Amino acid sequence: MSHIIAELFPPSTLRLFELIADVLIVLTTVSIVGVLTYTKKWVWLWREWLTSVDHKRIGIMYLIAALVMLFRGGVDALLLRTQLAFPNNHFLGPEHYDEIFTTHGTIMIFFMAMPFLFALFNVAVPLMIGARDVAFPRLNAVSFWLFAFGALLLNISFVIGGSPNAGWTAYPPLTELRFNPSVGENYYFLSLLIAGIGTTITGINFMVTILRMRAPGMTLMKMPMFVWTVLVTGALIIFAFPPLTVSLALTLFDRLFGSSFFTLGHGGMPMMFVNLFWLFGHPEVYIVVLPAFGIFSEVVPVFSDKKLYGYPIMVASVLAITVLSYGVWVHHFFTMGAGPGVNAFFGVSTMLIAIPTGVKIFNWVLTMWGGRIRFTVAMLWQLAFIPAFLIAGATGVLLATVPVDYQMHNSYFLIAHFHFALIGGTVFGVLSGMYYWWPKMFGYMLNERQGKVAFWLFFIGFLVTFVPQYMLGLEGMTRRMYTYPPGLGWSSLNLVSTIGAFTQGAGFLVIVYNVLWSMRYGERDLTGDPWNGRTLEWSIPSPAPEYNFAIVPVVHDRDAWWDMKQSGKSEAFKVKSSAIRPVHMPKRSAMPFLLGLSFFVVGFGMTFSWWVIAIIGGLGVLASLLYGAFDYDDFEELDPEVIRRTEAGLGRLQA
Amino acid sequence: MAHLSNQSHHAETPDHEDRIEIGSLTPHFQAHGFPWKQVLGYVASLLLTALAFVLVMNHVLPPTALIAVILVLAVLQAMLQLGVFMHLRESRGSAWQVIVLGLGFFMAAGLIIASVWIMMFKAGVS
């Protein structure tokens, strides 16, 4: 017994922050359970949310999870910056620092950026193409629950068993069992494997949805730009995740079953892991940034009162980025020394990507050119994105120059570069999208004034954090060093960077306040079209009814809803009572939740090599899959009377 | 059974919108009863994987021959899965499938060939 407790709670989980986290987790859990029991909401939670297969609800659950993970990853970042604020600081020890930068990176990429984007995929894509759900609604819920339980598995590592500590890239031999015997890395591999299954399914699901379920008349070249980017993101996911899965699974075999794929001895090839990881890792960058491009391509036309400039070229550049993004991965490890031929090839291919990206930036600017720009919060994030991403791209081209990269590799210059790309691109993008689609998700607007305060705090904090890091990189500071001596010229830059990080934290808190305030006092969106939008999701009420479209719309133009409004047909879009017919709706199901839970048990058991628990979880997986495979009763008809009543209640029924 | 009746119901209503929506939401294979094909395909896939594992685990063949054999087993399994699970022969036309399969093959081959090239370490220095 004491042996098990020692394994579950090694000394690394008994430090101050871990104990504080323990207390917070217990308090939060108790209060959530208490509130649910007191208000008798357990059945509601189960029926309306945990077993829901409605894409809008799944999107909202993704959004909540992503915001919670943004908080966790952000706290990690603040701990790191506090440690680095002063030379010779001992706020965190070296091992502790390793663990925290590892979880910061892993959580921000896999459990914040991706679910945040999937939230917006789920919320917006079916509505934008005039569909009533995604192609495989139950699989969509499976994706969410695999992500959620994968995220849970990684997060409990902080307080049970010990965090992973080999960086978000988990290079061997740092992950090799004989150098890293704690269970932390097992958590990393298993949680990413579980969440990765969900991600792959999401990629397939949205590709099929977009290719098969568009409203009549919506040809590929009439799709909203966001839908295009989701389509190619699906393609990127389908090709990028298998190499990740293989590299994670094989390392897990090395650690748990004594194989030697990536070990130093016995003929293993550690650099092959690096190769496979970045085969995934570079397309991953585009998986998280292309949808953000898509969001901006929706936001800019709406708030400039103009159609998107150069739509066909935008589509072409997205496709070009997709193809090119598969040919650049070696730029993450030029210093491996594969040889001048290899490095030159991948350096040039990397620079090529700047061309379609530059084309897109010009197109956004030209869309705004001469437009009537409204400086809403969604638009402000877009306006901040352009200079941020420009700097990220320009420094990226610098890093793509192989001899320069040998100097800059793994310095703070690189850290600043990819934070400019991932915050300036992805985070600004998802926040823009969140403010833009919030009324469609919840039926009320987020307060603009508070949103602007949050924006300025976050944007200024972002610049103050990362501009000094470019300079630190040039001054020779390398990544992942837990402290540094005084007198290297790094001290004041590091202090400024830390101040910037806390300013970003303050910006995040204002966003949270903004959400909570607006829940209660925010302006209700009664029109369904608060921004004078252009695409189909604004043609239906906010929040969208369960069946989305009472009648599937027919599309004639690229900006379908704008076209209807301009040609005076938006009134005719009101539903005729007689035209409403029964709608085929997917039934809610407990299978996705139980499947995710079973996978969690498998993951937990395998992490500690407790095979009985892992096998019990595996049986749960098998049972869930069998049940799902043979449950044919998964659709139901929605009574047209319900639709009539809903639409009449919203004043949308034609007499 | 409820599903079968649903399908026949929709076959009777030749409405364009509904056909798009329901045709893509509903899988069709259950109309043929118990999915023996899929179950057998799954079992066969497991067997092929187990066979490859046993061959490698017990060093049955010399290394080069071993690699060749497990490659053949992998290609067999890929074809099996394309046929059984990916509905390769159930579609109306094969033009799209040829394009997509070709693209997939091109991507996979490109990534593998490039990986081999990268890992040869033809470094001018070092």
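Colleague: Can you walk me through helix α4 (residues 63-84) of chain B in this structure?
Modeller: Note: α-helices contain 3.6 residues per turn, so residues at a spacing of three or four share the same orientation. All names here are of chain B. Between its first and last C-alpha, α4 extends 31 Å over 22 residues, near the 32 Å set by a 1.5 Å rise per residue. Among all positions of α4, only Leu 66, Leu 73, Gln 77 and Val 84 are buried. Buried residues of α4, viewed axially, fall in a sector of 40°; they line one side. Exposed residues on α4 whose side chains face more than 90 degrees from its buried face are Thr 64, Ile 67, Leu 71, Val 72 and Met 79. Buried residues along α4 sit in contact with α3 (36-57).

Colleague: Mind showing me how you'd approach the nonpolar core here?
Modeller: Residue and element names in this part refer to chain A. Counting residues in hydrophobic clusters, the biggest one holds 198 residues, and the most contacted among them are Phe 428 and Trp 437. Sort the elements by how many residues they give to this core and helix α9 (residues 270-304) lands first, with 20 residues. In this view, Phe 428 contacts Phe 296, Trp 381, Ala 384, Phe 385, Ala 388, Ile 423, Phe 458, Phe 459 and Phe 462; residues no more than four positions away in its chain are not counted. Judged by nonpolar contacts, the second largest core, of 14 residues, contains Leu 80, Leu 84, Ile 415 and Leu 472.

Colleague: Before we go on, may I ask you to explain the packing of aromatic side chains in this structure?
Modeller: Each aromatic ring pair is characterised by the separation of its centres together with the angle its planes make. Residue and element names in this part refer to chain A. All chains considered together, the criterion is met by 73 aromatic pairs over all chains. Note on Phe 293 and Trp 364: the rings are 5.4 Å apart at their centroids and 70° apart in plane angle, and the pair reads as edge-to-face. In this pair, Phe 293 sits in helix α9 while Trp 364 sits in helix α11 (residues 340-368), placing the two residues 71 residues apart along the sequence. With a centroid separation of 6.1 Å and an interplanar angle of 40°, the aromatic rings of Phe 442 and Tyr 444 are classed as tilted. Classification of Phe 442 by relative accessible area gives partly exposed; the value is 27%. Here the basic side chain of Arg 534 rests over the ring of Trp 562, its NZ or CZ set 4.4 Å away from the ring centre.

Colleague: Explanation requested: the domain arrangement of chain A in the structure shown.
Modeller: Accessible area lost on assembly of the parts is the figure often given for the size of an interface. All names here are of chain A. For chain A, the assigned domains read domain 1 (2-589 + 634-654) and domain 2 (590-633). The straight-line distance from the C-alpha centre of domain 1 to that of domain 2 is 27 Å. Across the domain 1 to domain 2 interface the summed buried area is about 2300 Å²; carbon plus sulfur atoms make up 75%. Considering only the surface of domain 1 that becomes buried against domain 2, Arg 138, Phe 149 and Ser 589 emerge as the three largest contributors, covering 22% of it. The tally of links from domain 1 across to domain 2 stands at two salt bridges. A salt bridge links Arg 138 to Asp 631; the nearest nitrogen and oxygen atoms lie 2.9 Å apart. If you look at where domain 1 meets domain 2, you find five residue pairs in polar contact (both at pLDDT 80 or more).

Colleague: Where do I start with the packing of helix α15 (residues 448-474) of chain A against helix α16 (residues 491-521) of chain A in this structure?
Modeller: Packed helix pairs are characterised by how far apart their axes lie and by the angle those axes make with each other. All names here are of chain A. Taken N-terminus to C-terminus, the directions of α15 and α16 make an angle of 160°; their axes are 7 Å apart at the nearest point. Considering their axes alone, α15 and α16 lie roughly antiparallel with respect to each other. Classified by chirality, the crossing of α16 by α15 is left-handed. Each residue belonging to the contact of α15 with α16 can be placed in one class, and the counts come to 19 nonpolar, 13 polar and no charged.

Colleague: Would you take a moment to explain the environment of Arg652(A) for this structure?
Modeller: All names here are of chain A. Mapped onto the secondary structure, Arg 652 falls in the loop between α20 (640-649) and β4 (653-654). Note on Arg 652: relative accessible area 17%, which makes it buried. Separated by 482 residues in the primary sequence, Arg 652 and Ala 170 place their C-alpha atoms 54 Å from one another. Excluding anything up to four places from it in sequence, Arg 652 contacts Thr 527, Gly 528, Ser 539, Ile 540, Pro 541, Lys 574, Val 575 and Glu 647. Polar contacts involving the side chain of Arg 652 include one to the main-chain carbonyl oxygen of Thr 527, which spans 3.1 Å.

The rules behind each value
Residues numbered from 1 in each chain as written. Chains lettered and ligands numbered in written order. Predicted model: local features only at pLDDT ≥ 70, side-chain atom pairs only at ≥ 80, totals over all residues. Heavy atoms only, no water. Helix = DSSP H or I, 4+ residues; strand = E, 2+ residues; numbered from the N terminus. Expected span 1.5 Å × (residues − 1). Buried < 20%, exposed > 50% of the residue type's maximum accessible area, 1.4 Å probe, protein only. Arc of directions from axis to C-beta. Contact = heavy atoms within 4.5 Å. Core = buried A, V, L, I, M, F, W, Y, C linked by side-chain atoms within 4.5 Å. Phe/Tyr/Trp six-rings, centres within 6.5 Å; stacked < 30°, edge-to-face > 60°. Lys NZ or Arg CZ within 6 Å of the ring centre and 35° of its normal. Domains from an automatic or database assignment. Buried area = accessible area lost by both parts, 1.4 Å probe. Salt bridge = Lys/Arg side-chain N within 4 Å of Asp/Glu carboxyl O. Polar contact = N/O pair within 3.5 Å; in protein donor to acceptor, adjacent residues only side chain to side chain. Axes fitted to C-alpha atoms, helices over the stretch in contact; angles between N-to-C directions. Parallel < 35°, antiparallel > 145°, perpendicular 65-115°, else oblique. Left-handed = near helix turned anticlockwise from the far one by under 90°. Nonpolar A, V, L, I, M, F, W, Y, C, P; charged D, E, K, R; others polar.

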